[in-house]
Amino acid sequence: MQVTMCPERAIMEHVTSRWAVLVLQLLSNGEAWRFSELRRELEIVSEKMLTQTLRTLERDGFVHREVRPVIPPHVEYTLTPLGKGAANHLVALAQWIKANHPEVAQAQQHYDAS
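Presented here is a report on the structure given in the accompanying data block.

Definitions and cut-offs
Residues numbered from 1 in each chain as written. Predicted model: local features only at pLDDT ≥ 70, side-chain atom pairs only at ≥ 80, totals over all residues. Heavy atoms only, no water. Axes fitted to C-alpha atoms, helices over the stretch in contact; angles between N-to-C directions. Helix = DSSP H or I, 4+ residues; strand = E, 2+ residues; numbered from the N terminus. Parallel < 35°, antiparallel > 145°, perpendicular 65-115°, else oblique. Contact = heavy atoms within 4.5 Å. Nonpolar A, V, L, I, M, F, W, Y, C, P; charged D, E, K, R; others polar. Pairing = 2+ DSSP bridges.

### Here we look at the packing of helix 2 (residues 18-27) against helix 5 (residues 81-113)
Relative orientation of the contacting elements helix 2 and helix 5 amounts to 100°, with a least axis distance of 9 Å. Between helix 2 and helix 5, the crossing angle belongs to the class labelled roughly perpendicular. Mapping the contact onto sequence places V21, L24 and Q25 in helix 2 and A87, L90, V91 and A94 in helix 5. Per-class residue counts for the contact of helix 2 with helix 5 are six nonpolar, one polar and no charged.

### As for the sheet that holds strand 1 (residues 33-34)
Spatially, the three strands line up as an open sheet ordered 1-3-2, and their pairing is antiparallel. Strands with a single pairing partner mark the edges of an open sheet, and in this sheet they are strand 1 and strand 2 (63-68). The pairing of strand 1 with strand 3 (residues 74-79) spans two bridges and is classified as antiparallel. Paired with R34 across the strands is E76, a residue of strand 3. Relative to the sheet, helix 2 contacts strand 1, strand 2 and strand 3, its axis offset from that of strand 3 by approximately 90°.

These figures come from the coordinates and say nothing about function on their own.
In structure tokens:
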């Protein structure tokens, strides 16, 4: 099987994209988030990129989008069970990175000095 034809690779790219990692981590708290709340929390993400990221995660089954029938429309995003599983792994990785950052920084300094 060719690597470029591997469907798992596309899913990996979706889940580990710059904004998807952050969105999945935010949604991992179990609360429903509105688009504006996500955008405000992520600060530097553009509206277009956040929209694309949420649509991709929704298409892949990681995020549930619910439109509330009010005026103005109220849209909330939550994780699906599949999304919770992926988010748990990302949160664990983020915690590992935080805990091991000093060792990584030391290794980088050692490498750069040689």
